[in-house]
Structures are given as structure tokens and as C-alpha cells.
Amino acid sequence: MKARMPNTAVVGVQWGDEGKGKIVDMLAARAGIVVRFQGGNNAGHTLVVAGEKVVLHLVPSGILHPSARCVLGNGVVMDPEVLVAELDALEASGRKVDAARLGLSRDLHVIMPYHRSLDAHREEARGGGSIGTTRKGIGPTYEDKVARRGIRLADFIDLQVLASRIQQELPLKNRQIVEWYEGEAHTAEDVLAWAAPLAERLAPHVCDVAGELHAALDVGTPMLFEGAQGTFLDIDHGSYPFVTSSNTVAGAACAGSGVGPGDLQEVVGIAKAYATRVGAGPFPTELDDDLGAHLRRVGREFGSTTGRPRRCGWFDAELVRRAARLNGLTCLVLTKLDVLSGLEVLRIGRGSDADGEAIYEDHPGWTEDLTACRSWDSLPASCQAYIRRVEALVGVPVALASVGPDRVEIVPVDPARSAWMLSDAAQTEAN
Ligand code: IMP
Ligand code: MG
């Protein structure tokens, strides 16, 4: 019999796009419930299953495993139009998502059309000083939540309540949009007409996620908490103001879903073997040259949400070490190691000097293609050394290394630490 999976949070430890989707997808095979706890459709997880590419923005990656129930916790902001489109796309690909498969917290906040407008107008207005947001309305929706004038899902699906809430909100929103940004006003009729069919479609999914998780804890259902974005996009711990509007660290798994810190046993940090960032903000180990372009091309580093080219650079050990503490990592998964093949020298960032220039240590690279590697022993010696050095500098054991986009392209680095993470299929391949 399979051992029960510990309750686990999976978080990105750089600037997002570390390859969390693939690891979450792998762990979801063992989970009873998969929970998203922050962010919204600013996230984008690209999964490759049996050669088929699936991009998800809101629905947890666990949806591809029929045994897992997926839920969006109270900490998420949800664009109902995007969610419905995603459900339609899943259904068109033969994966019908009914209310038993997907639950939505009645307490989560809804992204309204005026939030999207405000996000776009603000970015335009910031001009050269823009944050480079995804313009999905994430920030303005969290602002309204904290200002205590947001629209929660329970209110959204009650059309009478919704109508009165929209009447209350629109005057202020329109004033900002029209007078401040010279944009187009939203009418209450239009917003309601947009909302009504979405509310009807989503209503069956609405539930008390926190209460459901408490009941699941009581009977020992294994839970997986799926982080979005990455540690240095965290509103508090990231490179403010070039951050997203939610807490992305593992602690947010509790506040954003309704379980306590003691209910989590494992915190898995996902780190790319190099580094990328989309949008503006500091990036000490950035490669603004041919090498950066090489990483972008080989690693296919283009945003899955916005299509923007990602900025690329070397692995920053100093940063990931800090992330290990901010999240309380119990282990690390190193992804996209295969992308580094063929580089003569690999650099690892070790912090900055007095002028803010990155300090590096150099490592010999390897020429071998890693995508067929399935065991530690099959990795080239210099690749093994690179992994060991990352481990030593970050101060957390590397459990797994990912060597390609497909589910099976994974190498157990520390079998004792990774056995619980591997699906039976991957374990068989690894043996
Ligand atoms: P927002 O989350 O749309 O407000 O964007 C704020 C910043 O976070 C921008 O730099 C975005 O590019 C970045 N960002 C938001 N979501 C993601 C993500 O899932 N991956 C990588 N960067 C993200
Ligand atoms: Mg992404």
C-alpha cells in the first residue's frame, strides 16, 4: 500500500515560473485535496502530459488527476470569466469538471471588469515606471479586499446582493476610470449582464473551503497546497514595489485556506537551476547578453500568461537561501537542469558587492543531454557537483531534479527524501 502523503505546500523560491505546475501535478497523484491559496489568473502553469500541453491559470494543476478534489481558498482572487473559459477548455479536452471536482471558497474575492480596467490604466499611467503587471485586475481586487469593499463569491452568486454591491461600487470606480484615467465608464447593466451567466455557472461550486479542510484533516485526507508566483514577488518579502499583491510564501497557505501552521508537514521549494523574472524589478544575476538569450531560447522562457519574454540569469544562491528561511523549506526541487547542458561554465550568484554588482563562483558545465536521465548515477559528474553545491549554499536538501517538461523526466537526488513524492510510475522508471 502507498504511504499517506504528508500535508504539503509547494512554493516557488525565485520570481515565479520555477516549474511548480509539474511538481504539483506529480504530487497531486497522491493528494486527496489540492488547494490554491493566493493569487489569481496572473499565474500560469504549463503542464505536459503524454506529450499534450495544458496551460492552467486558475484551476489547480491537480485537476488532471481524477482522484483529487481541487479547491480555491479564500486567499485567491478569481476572475469568473477566466475560470469559466478554463472549465470549458478542460471539458473540450475530455475533462469535465463538476462541482465534486472543484470547490470555490464563498469568501474569495471576485475580479470584476472594472478591476481589470483599473489595472491596465494604472500601468499605462506609470509609463516607464510601470511594474509590468499581468493587467488581470489582481492588484485592484486585493486593494478592494483590504479596503473592505470587495465582492466576495457568496455575494457574487446572489444576483440581488450583487446588483446592490455593483450600484455601490461603480460610482467611485467610474470616477477613477473616467476622470482620472480618461477611460470608459462601466454601466451597472453591462456589469450585471456579464456577471449573471457566470454566477449561475459557478454557483454549484461555491462552498466553505475552510470547513471542508477541517473535516478532511479530521479523517487524514492528504492535502496539497499549490503556491502561485514566487517568494520574491511576495507583497511583504519580495522586491517591493515590483511584487504581486498577495503573500506568496508558504505561510500564506494557512491564512489563504483556513488551516493552521501545524497542519502542514512538508514545504517543498521549487527552484529553477538558473533564474528568470517577468516584469520589472531588481535581478542581480540577470544576463543581458547572448547567454541570457540562449537560456530564453533553450528554456522556452516566455510567459504562459502574457507571452512576454522572461528575463534570464544565473542561479542566485543568496536569494534562494533567504527563501528557504522565509518559507521554512523542508526540501528543494531543482528544475530545468537540462537547459544548462552545453554551457562551458556555470555561475552561481553569491550576493552583491558594495556597488550592487553580483558576486559569482564558477563551476564546470557538462555537455551531455540530461533529458533521458532517471537516476542520480546517470547524471554527469559536474552536474552532480552543481546540485551538491546548490544544496550546500542554500542549506536545504535537494530531493528531486527535473530534467524535462514531461511528468517522467525526473531524477530522485535524495531517495530517502523523495520517495513520498514520486508517483508509482516515476518510481518504477527511476529504479
Ligand atoms: P500582477 O500579479 O499582475 O499584479 O503583477 C505584478 C508582478 O508580478 C509583475 O512583475 C508580474 O510579471 C509578476 N507576476 C505575477 N504573476 C506571476 C507569475 O505567475 N509568474 C511570474 N511572474 C508573475
Ligand atoms: Mg507561470
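Residues numbered from 1 in each chain as written. Chains lettered and ligands numbered in written order. Predicted model: local features only at pLDDT ≥ 70, side-chain atom pairs only at ≥ 80, totals over all residues. Heavy atoms only, no water.

### Overview of the pattern of salt bridges
The line we're drawing: When a carboxyl oxygen of Asp or Glu lies within 4 Å of a side-chain nitrogen of Lys or Arg, that pair is called a salt bridge. Burial status follows relative accessibility: with a 1.4 Å probe on protein chains alone, a residue under 20% of its type maximum counts as buried, one over 50% as exposed, and anything between as partly exposed.
The tally for this structure, following the rule as stated, stands at 27 salt bridges. Taking the shortest distance from any N to any O, the salt bridge between Asp 144 and Arg 149 comes out at 3.0 Å. Look at Asp 144 and you get buried, because its relative accessible area is 3%. Of the residues examined, Arg 149 reaches a relative accessible area of 30% and is grouped as partly exposed.

### Let's talk about the pairing of strand E10 (residues 223-226)
It is a general feature of regular strands that their side chains alternate between the two faces of the sheet. Put simply, the rule reads: Each helix is a run of H or I in the DSSP string that is no shorter than four residues. Each strand is a run of E no shorter than two, and both are numbered from the N terminus. When DSSP finds at least two bridges between two strands, those strands are taken to pair.
Side chains of E10 alternate between two faces, with Met 223 and Phe 225 and Leu 224 and Glu 226 buried alike. Sheet analysis places strand E2 (residues 33-36) next to E10, joined by four bridges and oriented parallel. Paired with Val 35 across the two strands is Phe 225, which belongs to E10.

### With respect to the sheet that holds strand E17 (residues 358-364)
Each strand in a sheet pairs with its neighbour through backbone hydrogen bonds, running either in the same direction (parallel) or in the opposite one (antiparallel). Rules: The criterion used for residue contact is that any of the two residues' heavy atoms lie within 4.5 Å. Think of each axis as a best-fit line through the C-alpha atoms, taken over the contacting stretch in the case of a helix, with angles from 0 to 180 degrees between the N-to-C directions.
Strand order in the open sheet made by the three strands is E14-E16-E17, with mixed pairing throughout. The open sheet is flanked by strand E14 (315-316) and E17, the only strands paired with a single partner. In terms of strand pairing, strand E16 (residues 345-352) meets E17 through six bridges, oriented antiparallel. Bridging across to E17, Val 345 finds its partner in Pro 364. Along the sheet, helix H12 (residues 381-394) contacts E14, E16 and E17; its crossing angle with E16, the most-contacted strand, is approximately 10°.

### Concerning the coordination of the magnesium ion (ligand 2)
Basically, it comes down to this: Metal coordination here is assigned from N, O and S atoms located within 2.8 Å of the ion, or within 3.2 Å for Na, K and Ca; omission of water means that sites may look incomplete.
Binding of the magnesium ion (ligand 2) to the protein goes through Asp 17 (OD) and Gly 44 (O), at separations of 2.1 to 2.4 Å. Of the two residues, Asp 17 sits in the loop between strand E1 (8-12) and helix H1 (20-28) while Gly 44 sits in the loop between E2 and strand E3 (45-49), which places them 27 residues apart along the sequence. Accessibility expressed as a relative area gives 16% for Gly 44, which makes it buried.

### Quick word on the sheet that holds strand E5 (residues 69-72)
Strand order in the open sheet made by the 10 strands is E9-E7-E5-E2-E10-E1-E11-E15-E18-E19, with mixed pairing throughout. If you trace the sheet from one side to the other, it starts and ends with strand E9 (206-207) and strand E19 (410-412), each paired once.

### Here's the deal with the domain arrangement of the chain
Rules: Segment limits for the domains were obtained from an automatic or database-derived domain assignment. Once two parts are joined, some of their accessible surface, as seen by a 1.4 Å probe, is lost; buried area is that loss totalled over both. Any N or O atom pair separated by 3.5 Å or less is treated as a polar contact, with the protein-specific requirement of one donor-capable and one acceptor-capable atom, and with residues adjacent in sequence counted only for side-chain atom pairs.
On domain assignment, one finds that the chain holds domain 1 (8-99 + 207-430) and domain 2 (109-205). Its C-alpha centre places domain 1 at a distance of 30 Å from the equivalent point of domain 2. In this complex, domain 1 contributes 33 residues to the contact, which on the side of domain 2 involves 23 residues. Buried surface at the junction of domain 1 and domain 2, both sides included, amounts to about 2200 Å², of which 59% is carbon and sulfur. Of all residues in domain 1, Val 77, Met 78 and Pro 80 give up the largest surface area on contact with domain 2, accounting jointly for 24% of the area buried on that side. If you look at where domain 1 meets domain 2, you find three salt bridges. Between Arg 116 and Asp 79 there is a salt bridge, with its nearest N and O atoms 2.9 Å apart. Taken together, the links from domain 1 to domain 2 amount to 11 residue pairs in polar contact (both at pLDDT 80 or more). Elements with a minimum of two residues in the side of domain 1 that touches domain 2: strand E6 (77-78) and helix H2 (80-92).

### Topic: the site of ligand 1
Heads up, the rule is: A cutoff of 4 Å decides nearness: a residue is near a molecule or strand if any of its heavy atoms lies inside that distance of it. Computed by Shrake-Rupley with a 1.4 Å probe, the accessible areas treat only the displayed protein chains as cover when residues are assessed.
By nearness alone, 15 residues border ligand 1, and Asp 17, Asn 42, Thr 134, Thr 244 and Arg 308 come closest of all. Here an oxygen atom of ligand 1 and a side-chain polar atom of Asn 42 are 2.9 Å apart. Within the side chain of Arg 308, a nitrogen or oxygen atom sits 3.0 Å from an oxygen atom of ligand 1. Computed on the free molecule, ligand 1 has an accessible area of 470 Å², of which 96% lies beneath the protein chains in the complex.

### Thoughts on the packing of helix H6 (residues 159-180) against helix H7 (residues 188-202)
Here is the rule we go by: The handedness criterion is simple: a crossing whose near helix is rotated anticlockwise from the far helix by less than a right angle is left-handed, and one whose near helix is rotated clockwise is right-handed. For this classification, the nonpolar set comprises Ala, Val, Leu, Ile, Met, Phe, Trp, Tyr, Cys and Pro, the charged set comprises Asp, Glu, Lys and Arg, and every other residue, Gly included, is treated as polar.
Packing of H6 against H7 brings their axes to within 10 Å, and their N-to-C directions diverge by 145°. Between H6 and H7 lies a crossing of right-handed hand. Here Leu 159, Leu 162, Ala 163, Ile 166, Gln 167 and Leu 170 of H6 come into contact with H7, specifically with Ala 188, Val 191, Leu 192, Ala 195, Ala 196 and Ala 199. A class-by-class count of the residues in the contact of H6 with H7 yields 11 nonpolar, one polar and no charged.

### With respect to the packing of helix H3 (residues 113-126) against H6
To keep it simple, the criterion reads: Angle categories: roughly parallel below 35 degrees, roughly antiparallel above 145, roughly perpendicular from 65 to 115, and oblique for all the rest.
It is at 10 Å that the axes of H3 and H6 come closest, and there the two elements cross at 20°. Of the possible angle classes, the one that applies to H3 and H6 is roughly parallel. H6 is crossed by H3, and the crossing has left-handed handedness. Residues Tyr 114, His 115, Ser 117, Leu 118, His 121 and Arg 122 of H3 lie in contact with H6, whose contacting residues are Glu 169, Leu 170, Lys 173, Gln 176 and Ile 177. Residue classes in the contact of H3 with H6 are distributed as four nonpolar, four polar and three charged.

### Thoughts on unusual backbone geometry
Geometrically, the link from Tyr 240 to Pro 241 is a cis peptide bond, its omega value of 5° lying close to zero. With respect to the helices and strands, the residue Pro 241 is situated in the loop between E10 and helix H9 (252-255). A positive phi angle, close to 60°, is found at Asp 17, a residue other than glycine. Here the phi dihedral of Arg 148 falls at roughly 65°; this positive angle occurs in a residue that is not glycine. The topology assignment puts Arg 148 in the loop between helix H4 (138-146) and helix H5 (153-156). We classify Arg 148 as exposed; its relative accessible area is 75%.

### Examining the nonpolar core
Operational definition: Buried Ala, Val, Leu, Ile, Met, Phe, Trp, Tyr and Cys residues form a nonpolar core when they are joined through side-chain atoms within 4.5 Å.
With 64 residues, the main nonpolar core has Phe 225, Phe 315, Leu 332, Leu 337, Leu 340, Tyr 386 and Ile 387 as its most contacted residues. Sort the elements by how many residues they give to this core and H12 lands first, with six residues. Within the second largest apolar cluster, 59 residues are counted, among which are Met 26, Leu 58, Leu 87 and Trp 420.

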